[in-house]
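# Residue-level structure breakdown
The chain contents come next:
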Amino acid sequence: VAIQCLETVFKITLEDTHLASSQHLIEMFTNSTQKNDMLPLSRSLPEGIVKADQLKDEGNNHMKEENYGAAVDCYTRAIELDPNNAVYYCNRAAAQSKLNNFREAIKDCESAIAIDPKYSKAYGRMGLALTSVNKYQEAVTSYQKALDLDPENDSYKSNLKIAEQKLRDMSSPTGTGLSFDMASLINNPAFISMAASLMQNPQIQQLMSGMMSNAIGGPAAGVGGLSDLSSLIHAGQQFAQQIQQQNPELIEQLRNHIRSRYLSGSTEEHS
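Residues numbered from 1 in each chain as written. Predicted model: local features only at pLDDT ≥ 70, side-chain atom pairs only at ≥ 80, totals over all residues. Heavy atoms only, no water.

## Considerations on the overall build of the protein
Selection rule: Secondary structure elements are defined from DSSP: runs of H or I of at least 4 residues count as helices, runs of E of at least 2 residues count as strands, and each element is numbered from the N terminus. Summary of the burial criterion: residues with accessible area below 20% of their type's maximum are buried, those above 50% are exposed, and those between are partly exposed, where the area comes from a 1.4 Å probe applied to protein chains only. Here the Shrake-Rupley method, with its probe set to 1.4 Å, supplies the accessible areas, and only the displayed protein chains count as covering residues.
When you go through the protein residue by residue, the secondary structure sums to 14 helices and zero strands. Within the protein, the fraction of its 271 residues that count as buried is 32%. If you sum the accessible surface of the protein, you get close to 17,900 Å²; carbon and sulfur atoms cover 56% of it.

Shown next, in the form of structure tokens:
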């Protein structure tokens, strides 16, 4: 059927032997592939490649001096001269990240990876940029690829843990990324005892009663929003002050717990 279709479309038959090629299709494909592999990746002239490398070094110096805009300019000019060098894109990604141009940094990392799929630093820098735009799942994938290529890199390991933690935070019931282990807190005997003691305070009882009345449609419902908010803030301040007075150690434990889980800084890579 395929032969008949081709004969109909091209108006030929098996008798037209004078149209036959001297090579089989597989041979033509193989020869063409080999020739393409021998072609240079870039049409850049040798002097252009040398100049591009000089611009890269100049950009690296600007990075050390924290002159990130000038670094981006140098890497961009290097790319124009030699567009098939993955290092130039990856270095420009680092400079773009320093300028908070994270989406541009991601694009540059993607370009570097397209040129060199085994360039671990490009995956690592893309992970940093993805984390900065809250794309934690993609960041985790990028860091995992970086570690596959460079298993001993401590920076990738550390940043992977941070991205994984942020991903878990985003999946938490609060969805804020700033939650802590509430279950552990409410099951803490010291906290339960302290809360019970505070609820015996007449002033706290009065504030709670007023807020509950407003919540179910009391006299101030719908018209006393600002007053209710002030009362809530005031009650919260009093509650916090009394917790601090009665059990300062518990407050310090909570602070340390939050710091250890959510305030850890990420390790930055150098160009």
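## Comments concerning the state of the cysteines
For the record, the criterion: Count a disulfide wherever a pair of cysteine sulfur atoms falls within 2.5 Å.
Taken as a whole, this structure holds zero disulfides when the rule is applied. The closest cysteine sulfur to the non-disulfide-bonded Cys-109 is located on Cys-90, 5.4 Å from its own sulfur.

## A word on the UniProt feature "repeat: TPR" (unreviewed entry) in the protein
For clarity, the threshold we go by: UniProt positions are given in the numbering used here, feature names are shortened, and annotations may be inferred rather than shown by experiment.
If you check UniProt for "repeat: TPR" (unreviewed entry), the listed places come out as residues 52-85, 86-119 and 120-153 in our numbering. The span residues 52-85 is 79% helix and 0% strand, and its two end C-alpha atoms sit 9 Å from each other. With 79% helix and 0% strand, the stretch residues 120-153 has end C-alpha atoms that lie 10 Å from each other.

## Examining the packing of helix α5 (residues 86-98) against helix α7 (residues 120-132)
Our working rule: Axes here mean lines fitted to C-alpha atoms, for a helix over just the part in contact, with angles spanning 0 to 180 degrees between N-to-C directions. Roughly parallel refers to an angle under 35 degrees, roughly antiparallel to one over 145, roughly perpendicular to one between 65 and 115, and oblique to any angle outside these ranges. A clockwise turn of the near helix away from the far one marks a right-handed crossing, whereas an anticlockwise turn of less than a right angle marks a left-handed crossing. Note on definitions: a residue-residue contact is assigned when non-hydrogen atoms from the two residues lie within 4.5 Å. Asp, Glu, Lys and Arg are counted as charged, while Ala, Val, Leu, Ile, Met, Phe, Trp, Tyr, Cys and Pro are counted as nonpolar; the rest, among them Gly, fall into the polar class.
Running from N to C, α5 and α7 cross one another at 20°; their axes reach a closest spacing of 10 Å. For the element pair α5 / α7, the angle class is roughly parallel. Considering only the axes of α5 and α7, their crossing is left-handed. On the side of α5, the interface is formed by Cys-90, Asn-91, Ala-94 and Ser-97, while α7 contributes Lys-121, Ala-122, Arg-125 and Ala-129. Split into classes, the residues belonging to the contact of α5 with α7 amount to four nonpolar, two polar and two charged.

## Some points on the pattern of salt bridges
Going by this rule: What makes a salt bridge here is a side-chain nitrogen of Lys or Arg within 4 Å of a carboxyl oxygen of Asp or Glu, nothing more.
All chains considered together, the criterion is met by five salt bridges. One salt bridge connects Arg-77 with Asp-73, and the closest N-O pair in it is separated by 3.5 Å. Separated by four residues within a single helix, Arg-77 and Asp-73 lie in helix α4 (residues 68-81), roughly one turn from each other. Using a relative accessible area of 35% as the deciding quantity, one classes Arg-77 as partly exposed. Of the residues examined, Asp-73 reaches a relative accessible area of 41% and is grouped as partly exposed. Here Lys-107 and Glu-104 are joined by a salt bridge, their closest N and O atoms 3.9 Å apart. Here Lys-107 and its partner Glu-104 are both found in helix α6 (residues 102-115), three residues apart, which amounts to about one turn of the helix. When its relative accessible area of 48% is taken as the criterion, Lys-107 is described as partly exposed. On the basis of relative accessibility, which here comes to 39%, the residue Glu-104 falls in the partly exposed class.

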